Amino acid sequence: MEPVRNIVGRALPLARADVDTDQIIPSHWLKRLERTGYGPGLFEAWRKDPAFVLNDPRYRGATVLLAGANFGGGSSREHAVWALLDAGFRAVIAPRVADIFRNNALRNGFVPVEVDADTVASLVAAVRLDPATTITIDVEHATVQAPGVRATFALDEFSRTRLIGGLDDIALTLRHEQDIAAYEEKRPEWLPRVR
Amino acid sequence: MATLSEKVWERHVVRRAAGEPDLLYVDLHLVHEVTSPQAFAGLRLSKRRVRRPDLTLATMDHNVPTNDEPAEEISARQIDAMARNAREFGIRCYPTGDPNQGIVHVISPQLGLTQPGMTIVCGDSHTSTHGALGALAWGIGTSEIEHVLATQTIAQTKPGTMAVTVEGALPAECAAKDVILGIIARIGTAGGTGNVIEYRGAAIRALSMEGRLTICNMSIEAGARAGMVAPDQVTFAWLEGRPFAPKGAQWERALDDWRSLASDPGATYSREVAIDASVLRPYVTWGTNPAQSVTIDGVVPDPDALPDDTRESARRALRYQDLTPGTPMRDIRVDAVFIGSCSNARLEDLRAAADVVRGRRVRSGIRGLVVPGSMGVKADAEREGLDRIFRDAGFEWRDAGCSMCLGMNPDILRPGERCASTSNRNFEGRQGPGGRTHLVSPAVAAATAIAGHFASPSDLR
Ligand code: SF4
């Protein structure tokens with residue numbers, strides 16, 4: 001994973017609530033064997049509408065997605081994060097991000113930023129007024145800034161360190177191999193084995 | 001004093017350090033063809049092995065054809081990759097054609113692999129299903145799959161606890177599906193966020209294991225991390241004698257242990273919700289998220305009469321679903337009926353639907369599909385003659401798989417088609433682009449197929 005310290009860029013005002021992962025990337029895209037190439041499938045159904053905000057040329061090149069509450073609910077598909085990354089997005093700002101999406105995002109250097117609904121509304125208003133508005137997400141200090149807006153968001157110490165360091169989760173865990181082996185010694189005998 | 005979920009959590013902590021999520025041991029890792037290929041590729045790239053192939057089970061369910069047609073080429077590639085990865089990494093796999101193949105959340109409880117007190121993960125959000133037996137089970141993404149394959153552990157922040165207590169007796173015509181749809185209607189799609197829901201109370205105790213599986217299955221539709229029911233006699237009776245259940249002295253030892261898992265009497269939850277089962281009715285969703293439902297006696301709601309924060313979603317949903325406020329649910333006609341999915345395709349579900357269908361015909365013009373949750377369920381159902389009942393009524397009787405639950409195989413709705421479905425998600429396009437999904441119980445799905453519009457069994461003359 002690439003280290004992520006700051007995300008500085010323009011934002012796309014999606015501004016819808018309950019955006020589930022089936023909307024972010026429909027299931028027929030899940031047949032691929034790769035982690036890349038999902039960008040064209042991002043919001044595929046909604047994109048067919050020429051008036052959909054992702055088709056608005058003024059927001060081309062946006063790296064931050066502004067969404068309503070409960071973003072990324074539903075299926076566990078990490079493909080949703082891969083599709084957003086593939087389409088150039090690096091972070092989502094929403095009043096609430098669903099649990100599994102959040103986990104998946106953090107493991108791919110995609111930053112889930114939860115701030116209150118009023119802050120999201122101010123950001124949406126700002127970029128609607130001026131699509132060139134720059135939004136700055138500072139991962140180290142867990143802050144979001146735009147002209148006239150400044151907010152902090154929750155990011156636990158561990159996730160912050162991993163994002164900034166671009167650390168490999170598996171390598172981190174394997175440093176505790178002895179703990180894992182010790183745990184395995186004590187597991188009850190009746191637990192099932194598949195082979 | 002601890003709750004059920006806290007007890008199971010604490011037993012699995014491999015390592016705990018301040019400022020870090022707990023590192024938990026995973027007792028069982030279930031794998032399927034759609035979310036795993038990139039994880040195996042990752043292992044190969046970093047020259048890592050699967051730490052515990054004996055605690056890892058693979059099957060094929062999302063993509064597979066459920067009739068005699070071969071898989072489309074792109075799906076076939078994923079199915080082949082699953083078989084190849086299982087072989088290369090030494091994992092047992094139940095491929096298509098195997099008598100044990102089926103939807104991952106149906107086969108594991110059926111084989112007795114899902115047991116009380118275990119931690120179970122799978123690259124699928126409906127892993128919450130396994131909580132019905134008192135396991136702590138949740139869905140993970142592909143990066144986490146790779147992590148579990150390599151380390152048999154997963155780093156997680158401790159969830160909160162939530163009790164949903166359902167007291168009273170469930171009215172006739174109401175199934176487990178109606179209980180969970182009623183719960184979600186009450187607490188909303190984010191009602192369980194950050195929490196493990198423990199389902200408690202007389203109405204939950206009175207449910208069969210199949211019913212409890214249906215309830216825990218849809219915990220994720222309430223936004224919860226997982227759902228659980230404390231193990232009891234129903235659980236033990238379900239497990240005894242199943243292929244992977246403990247035997248002899250081990251069974252006795254396991255029983256003693258499982259009895260100690262229930263939440264302590266004074267344990268507290270971060271949130272508590274009480275539901276009266278006696279006022280529940282069969283539910284039908286009208287919208288595009290599982291909380292957007294009314295009872296079968298209800299009408300399509302007017303968004304203007306709904307709370308502020310749900311109004312905009314409701315408007316968009318009605319536009320997508322092509323429904324007019326005020327329309328009685330019973331007046332809404334359907335084009336297709338799907339009885340299947342990890343939510344409702346176990347033997348009891350098929351029996352409930354067959355009871356309604358027996359001796360009747362599917363309304364002409366309606367496409368009816370019955371897709372058993374596993375080949376094991378299919379065989380059991382055929383032993384009872386349920387396949388004949390469905391076929392005679394005009395339903396298609398299929399092989400096991402996810403099928404029209406998510407439309408990754410050719411079983412999809414055409415744009416604009418409306419479907420009564422026993423699955424768990426009614427998102428836009430879930431059953432095929434432009435398709436319209438209404439979630440219902442197996443009995444309501446069956447009655448709807450006969451009537452041609454939403455109906456409960458007692459509506460049929
Ligand atoms: S049946 Fe549907 S919900 Fe269940 S695992 Fe398959 S696709 Fe997911």
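Bear in mind that the values here come from a model prediction, so they are computed numbers and not experimental data.

**Q** Would you mind going over the overall build of chain B with me for this structure?
**A** Across its full length, chain B carries 15 helices and 19 strands. Against the compact-globule benchmark of 23 Å for 461 residues, chain B has a radius of gyration of 21 Å, which places it among compact chains. Projected onto the principal axes, the alpha-carbon positions of chain B cover approximately 55 × 55 × 45 Å. For chain B, with 461 residues in total, the buried portion stands at 67%. Accessible surface computed for chain B: about 15000 Å², of which carbon and sulfur atoms make up 49%. Across chain B, 51 positive and 55 negative side-chain charges occur, with their mean positions spaced 2 Å apart.

**Q** Please clarify how the nonpolar core should be interpreted in this entry.
**A** Generally speaking, a soluble globular protein has its nonpolar side chains buried in company with each other. Core analysis: the largest hydrophobic core is formed by 93 residues, its most contacted members being Val164, Val166, Ile183, Tyr199 and Trp258 of chain B. Broken down by element, the residue count for this core peaks at 7 residues, all from helix H6 (residues 176-187) of chain B. Looking at which domains feed residues into this core, each of domain 1 (4-259) and domain 2 (283-460) of chain B supplies at least three. Each residue touching tyrosine 199 of chain B, except ones within four places of it in the same chain, is listed here: Val164, Ile180, Ile183, Ile204, Ile215, Cys216, Ser219, Gly227, Met228 and Val229 of chain B. Core analysis: the next-biggest nonpolar cluster, separate from the first, contains 81 residues, Phe71 and Val97 of chain A together with Ala314 and Ile332 of chain B among them.

**Q** I keep staring at empty space enclosed by the protein and nothing clicks. Help me out?
**A** The rolling of a water-molecule-sized probe over the atoms marks out the regions of remaining empty space. Per the counting criterion, the structure on display carries 5 cavities of 30 Å³ or more. Along the wall of the largest cavity there are 31 residues; nearest its centre are Asp20, Asn70, Gly73 and Gly74 of chain A together with Phe427 of chain B. Ranked by the residues each element gives to the lining of the largest cavity, the list is headed by helix H11 (residues 308-321) of chain B, at 3 residues. Counted by class, the lining of the largest cavity contains 10 nonpolar, 13 polar and 8 charged residues. Counting the residues that make up the lining of the largest cavity, at least three belong to each of domain 1 (4-259) and domain 2 (283-460) of chain B. Considered as a void within the structure, the second largest cavity measures approximately 210 Å³ in volume. Lining the second largest cavity are 22 residues; nearest its centre among them are His62, Asp124, His126, Leu406 and Arg430 of chain B. Here the residues of the lining of the second largest cavity sort into 7 nonpolar, 11 polar and 4 charged. Residue-level mapping places the lining of the second largest cavity at the junction of two domains, with at least three residues from each of domain 1 (4-259) and domain 2 (283-460) of chain B.

**Q** Explain the pairing of strand S2 (residues 22-25) of chain B to me, please; I cannot follow it from the model alone.
**A** It is a general feature of regular strands that their side chains alternate between the two faces of the sheet. Residues and elements named next belong to chain B. Of the two faces of S2, the one lined by Asp22 and Leu24 and the one lined by Leu23 and Tyr25 are each fully buried. Bridge count between strand S1 (residues 13-15) and S2: 2 bridges; the pairing is antiparallel. Following the sheet pairing, arginine 15 is matched in S2 by leucine 23. Between the antiparallel neighbours S1 and S2 lie 6 residues, among them glycine 19 with a positive phi of about 80 degrees.

**Q** I tried to follow the sheet that holds strand S6 (residues 119-122) of chain B on my own but got confused; where do I start?
**A** The pairing of strands in a sheet comes from backbone hydrogen bonds and takes either a parallel or an antiparallel form. All names here are of chain B. The strand order across the open sheet formed by 5 strands is S5-S4-S3-S6-S7, and the pairing between neighbours is parallel. Edge positions in the open sheet fall to strand S5 (92-94) and strand S7 (136-139), since each of these has one partner strand only. Looking at each pair of strands side by side, their axes are set apart by 20 degrees on average, direction ignored. In terms of strand pairing, strand S3 (residues 28-31) meets S6 through 3 bridges, oriented parallel. Residue pairing across strands places leucine 30 opposite cysteine 122, the latter belonging to S6.

**Q** Looking at this structure, how should I read the site of the ligand?
**A** Residue and element names in this part refer to chain B. Contacts to the ligand come from His62, Ile103, His105, Asp124, His126, Ser341, Cys342, Cys402, Cys405, Leu406, Asn424 and Arg430. Applying the majority rule of atoms within 2 Å of the grid points places the ligand in the second largest cavity. Classifying every residue of the shell around the ligand by side-chain character gives 5 nonpolar, 5 polar and 2 charged. Inspection of the shell around the ligand shows a minimum of three residues originating in each of domain 1 (4-259) and domain 2 (283-460).

**Q** Just to check I follow, could you spell out the pattern of salt bridges for this structure?
**A** Should the charged atoms of two oppositely charged side chains come close, the side chains can pair. Residue and element names in this part refer to chain A. Under the counting rule described, the total for this entry stands at 45 salt bridges over all chains. Arginine 35 is paired through a salt bridge with glutamate 78; the nearest N and O atoms lie 3.6 Å apart. With arginine 35 in the loop between helix H1 (21-24) and helix H2 (44-47) and glutamate 78 in the loop between strand S3 (64-66) and helix H3 (79-86), the pair connects residues that are 43 residues apart, well separated along the chain. Accessibility expressed as a relative area gives 30% for arginine 35, which makes it partly exposed. Overall, the relative accessible area of 1% leaves glutamate 78 in the buried class. Across the salt bridge formed by arginine 107 and aspartate 169, the nearest N and O atoms sit 3.5 Å from each other. Of the two residues, arginine 107 is situated in the loop between helix H4 (99-106) and strand S5 (111-114) and aspartate 169 in helix H7 (residues 169-174); the sequence distance between them amounts to 62 residues. Accessibility classification places arginine 107 together with aspartate 169 in one group, the buried group.

**Q** Is there a simple way to explain the sheet that holds strand S1 (residues 6-9) of chain A in this structure?
**A** Residues and elements named next belong to chain A. Pairing in this open sheet of 4 strands is antiparallel, and the strands run S1-S6-S7-S8 from one edge to the other. What marks the edges here is a single partner per strand, and that holds for S1 and strand S8 (149-152). Pairs of neighbouring strands in the sheet enclose a mean axial angle of 10 degrees, with direction left out of account. When strand S6 (residues 135-138) meets strand S7 (residues 143-146), the two strands line up antiparallel, connected through 3 bridges. Note that in S7 the partner of isoleucine 137 across the bridge is valine 144. Of the strands in this sheet, S6, S7 and S8 touch helix H5 (residues 117-129), which is tilted by about 145 degrees from S8.

**Q** When you look at the packing of aromatic side chains in this model, what are you seeing that I'm missing?
**A** Remark: the centre distance and the inter-plane angle together describe each pair of aromatic rings, the angle taken between the planes. Within the structure shown, the criterion is met by 12 aromatic pairs over all chains. A ring pair is formed by tryptophan 251 of chain B and tryptophan 258 of chain B, whose centres lie 5.6 Å apart and whose planes are at 85 degrees; its orientation type is edge-to-face. There is no split in this pair, since tryptophan 251 of chain B and tryptophan 258 of chain B are both buried. A cation sits over an aromatic face here: arginine 32 of chain A above tyrosine 38 of chain A, 5.3 Å from the ring centre.

**Q** Got a minute to help me understand the environment of arginine 436 of chain B in this structure?
**A** Residues and elements named next belong to chain B. If you trace the backbone, arginine 436 turns up in strand S19 (residues 436-439). Arginine 436 sits 322 residues away from threonine 114 along the chain, and the two C-alpha atoms are 33 Å apart. Excluding anything up to four places from it in sequence, arginine 436 contacts Tyr320, Gln321, Asp322, Leu413, Gly416, Glu417, Arg418 and Cys419. At a separation of 3.0 Å, a polar atom in the side chain of arginine 436 contacts the main-chain carbonyl oxygen of glycine 416.

What counts and how
Residues numbered from 1 in each chain as written. Chains lettered and ligands numbered in written order. Predicted model: local features only at pLDDT ≥ 70, side-chain atom pairs only at ≥ 80, totals over all residues. Heavy atoms only, no water. Helix = DSSP H or I, 4+ residues; strand = E, 2+ residues; numbered from the N terminus. Rg over C-alpha atoms; globule rule 2.2 N^0.38 Å. Buried < 20%, exposed > 50% of the residue type's maximum accessible area, 1.4 Å probe, protein only. Areas by Shrake-Rupley, 256 points an atom, 1.4 Å probe, with all protein chains shown as cover. Lys, Arg positive; Asp, Glu negative; His and termini not counted. Charge placed at Lys NZ, Arg CZ, Asp CG, Glu CD. Core = buried A, V, L, I, M, F, W, Y, C linked by side-chain atoms within 4.5 Å. Domains from an automatic or database assignment. Contact = heavy atoms within 4.5 Å. 1 Å grid on protein atoms, 1.4 Å probe; cavity = no way out; pocket = protein on both sides within 12 Å on 5 of 7 lines; lining within 4 Å. Points joined across faces, edges and corners; volume = space filled by probe spheres on them. Nonpolar A, V, L, I, M, F, W, Y, C, P; charged D, E, K, R; others polar. Pairing = 2+ DSSP bridges. Axes fitted to C-alpha atoms, helices over the stretch in contact; angles between N-to-C directions. Near = heavy atom within 4 Å. Sits in = over half its atoms within 2 Å of the grid points. Salt bridge = Lys/Arg side-chain N within 4 Å of Asp/Glu carboxyl O. Phe/Tyr/Trp six-rings, centres within 6.5 Å; stacked < 30°, edge-to-face > 60°. Lys NZ or Arg CZ within 6 Å of the ring centre and 35° of its normal. Polar contact = N/O pair within 3.5 Å; in protein donor to acceptor, adjacent residues only side chain to side chain.

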